[in-house]
Amino acid sequence: METILNYIDGKFRPSASGRSLPNFDPARGRPYSTVPDSDAIDARAAVAAARDAYKTWSRTPIEERAGWLLRVADAISKESAGLARWESIDTGKPITLAAGLDIPRSQINFEFFAKEARDFKGESFISRHSHNVTQYSPLGPVVCISPWNLPLYLLTWKIAPALVTGNTVIAKPSEVTPMTAFRLSHICADLGFPPGVLNILHGRGSEIGATLVGDSAIKAVSFTGSTATGRAIAQATAGSFKKVSLEMGGKNPNIIFADCDFELALETTVRSSFSNQGQICLCGSRILVERSIYHRFRDALVTRTKALIQGDPLHPETQQGALVSQVQMEKVLGYIELAQKEGGRILCGGKRVAPSPELAQGYFVAPTLIEGLGVECRTNQDEIFGPVATLIPFDTEEEAIRMANATRYGLSASVWTRDTQRANRMASSIEAGVVWINAWMLRDLRIPFGGMKDSGVGREGGQYGLRFFSEVKNVCKPGDPS
Ligand code: NAD
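Here we summarise the structure given alongside this text. Note that the structure is a prediction, hence the values are computed from the model and not measured.

## Here we look at the site of the ligand
In the neighbourhood of the ligand, 29 residues make up the surrounding shell, with K172, E175, S226, T229 and E383 lying closest. E175 has a polar side-chain atom sitting 2.6 Å from an oxygen atom of the ligand. Within the contact set of the ligand, an oxygen atom lies 2.7 Å away from a side-chain nitrogen or oxygen of T229. Burial of the ligand by the protein amounts to 88% of the accessible area it has alone, namely 850 Å². Of all elements in the fold, only helix 7 (205-214), strand 11 (220-224) and helix 8 (227-237) reach the threshold of two or more residues within the shell around the ligand. Ranked by residues supplied to the shell around the ligand, first place goes to helix 7 with five residues.

Printed below as a string of structure tokens:
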């Protein structure tokens, strides 16, 4: 049993209370490590360390801070094989995904923001009457809270811009997948990262997460997770005026027109519905298909989905691993049951499976496609966040837009068509923070990333991320009217 510890002020510590929580290997359905069940005493220690370290870190030149980020990136790269293995065990995701996406992206997050910081500078607004120059300064200690689906990837996406802009950080990874954040704290300790600049505190969101969010010394909260938690954080911070960025849930449409590149749309739809067992906020869970190709597309999609190899996440051929937890598996199975009660027809999957006798206790659900449901039913309204997608035919472009927008979420959408004008019309009408045309999950880290409606408040990425973690001041002098 591995013992995960908090990382506070450069030191490793159990929770002050000595309490811990079990951490599960979801493919085997059994605990394999423990994680501190931190409380207000641990939060106070981390906040005190972050406040103290802020005095020096905020005045450290940005180039020097960027240098620390590059050293962390380099260390992640050197340890990438081990980190990928931990990520796969901790989440149940295929090792190929952890090694091909999660860990490389975690390394790139540090590298990217170290470089992006070079272009982070004030603007000037000059007229005959006044000369204005803006200055960006750090905020203070900030909290970065991340979910379980892309654990190290999403945590580092927040930590890197927060640190390079001169803030000190208390990171709160998901208690469901704490392992790679713990490995990251070892990387920082081994590098001699200045104590207190990055603190990593483990435990339950309702306890340690809520305590950190409510602490008056914390100047900003960057959160990724469910809409329900995002709402709780928005409510808890409303009176304090601290900066808050919320990246939340989605119910993304994947809109397939008859004139699309059929093979590319099909192959990408398998990935966009089932990558990471459908547990990516950007996954397309509502597949809208133009009626003239509906049956052909549906049948081909069912064939491809049935062919996905489900098995031990650590096996290199596995394409579908386990769901992250028993709670998540039960939630997903509950929605499959609900879909049938609502009149849905299961085309494939629809049940828990045991890929092999040694994985019989694992949280595996077969990739599931459902048809026959209207857009208004709960199956098509609630975020399921698992290997479940529905297929719905549409007749016209207007109908596709109406269906795409008929949810409270607005994170992302994919549109598949060869008609450029139609693609442009769709892009302007769809209510989503990211619209992909003939693509999915094509990412440039400089773009504003985030959601509309109940999917998000604020944007991450590139200069948007750096600005979130900064205060801006305008310095004005009289101009020269001559
Ligand atoms: P969650 O909201 O349950 O937990 C996310 C984090 O918040 C965890 O670290 C948790 O401990 C913490 N937390 C819980 N209650 C808290 C509270 N009251 N105060 C402070 N922190 C608290 O989400 P999850 O189940 O871990 O993740 C899945 C969700 O994340 C899905 O809804 C998914 O769409 C969303 N997500 C969104 C994006 C995006 O970029 N928009 C990316 C990935 C995941």
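There's plenty left to go through after this.
## Topic: the environment of I187
Position of I187 relative to the elements: it lies in helix 6 (residues 179-191). Residues I187 and P357, spaced 170 residues apart in sequence, show a C-alpha to C-alpha distance of 36 Å. Those residues in contact with I187, other than ones at most four positions away along the chain, are V72, A75, I76, E79 and L83.

## Quick notes on the sheet that holds strand 5 (residues 30-36)
Read from one edge to the other, the open sheet built from three strands follows the order 1-5-4, with strand pairing classed as mixed. With partners counted over all chains shown, the strands left at the sheet margins are strand 1 (2-3) and strand 4 (20-25), one partner each. Bridging between strand 1 and strand 5 involves two bridges; their strand directions are parallel. Note that in strand 5 the partner of T3 across the bridge is T34. Contacting strand 1, strand 4 and strand 5, helix 3 (residues 80-91) crosses the sheet at an angle of about 100° to strand 4.

## Observations concerning helix 5 (residues 151-164)
The end-to-end C-alpha distance of helix 5 is 20 Å, a good match for the 20 Å that 14 residues give at a rise of 1.5 Å each. Of the residues trailing helix 5, G166 is marked for its positive phi of about 100°.

## Topic: the packing of aromatic side chains
Each aromatic ring pair is characterised by the separation of its centres together with the angle its planes make. Across all of its chains, the model carries 12 aromatic pairs by this definition. Ring geometry for Y32 and W86: centres 6.4 Å apart, planes at 25°, overall stacked. Here Y32 is found in strand 5, whereas its partner W86 is found in helix 3, with 54 residues between them in sequence. Between the aromatic rings of F262 and F297, the centroid separation amounts to 5.6 Å while the plane-to-plane angle is 75°, which identifies the pairing as edge-to-face. Here F297 lies in helix 10 (residues 291-306) and F262 lies in helix 9 (residues 262-274), a separation of 35 residues in the sequence. Put simply, the rings of Y7, F12 and F182 touch in pairs and so form one group of aromatic residues. The ring of W68 carries R71 above its face, with NZ or CZ at 4.3 Å from the centroid.

About the thresholds
- Residues numbered from 1 in each chain as written.
- Predicted model: local features only at pLDDT ≥ 70, side-chain atom pairs only at ≥ 80, totals over all residues.
- Heavy atoms only, no water.
- Near = heavy atom within 4 Å.
- Polar contact = N/O pair within 3.5 Å; in protein donor to acceptor, adjacent residues only side chain to side chain.
- Areas by Shrake-Rupley, 256 points an atom, 1.4 Å probe, with all protein chains shown as cover.
- Helix = DSSP H or I, 4+ residues; strand = E, 2+ residues; numbered from the N terminus.
- Contact = heavy atoms within 4.5 Å.
- Pairing = 2+ DSSP bridges.
- Axes fitted to C-alpha atoms, helices over the stretch in contact; angles between N-to-C directions.
- Expected span 1.5 Å × (residues − 1).
- Phe/Tyr/Trp six-rings, centres within 6.5 Å; stacked < 30°, edge-to-face > 60°.
- Lys NZ or Arg CZ within 6 Å of the ring centre and 35° of its normal.

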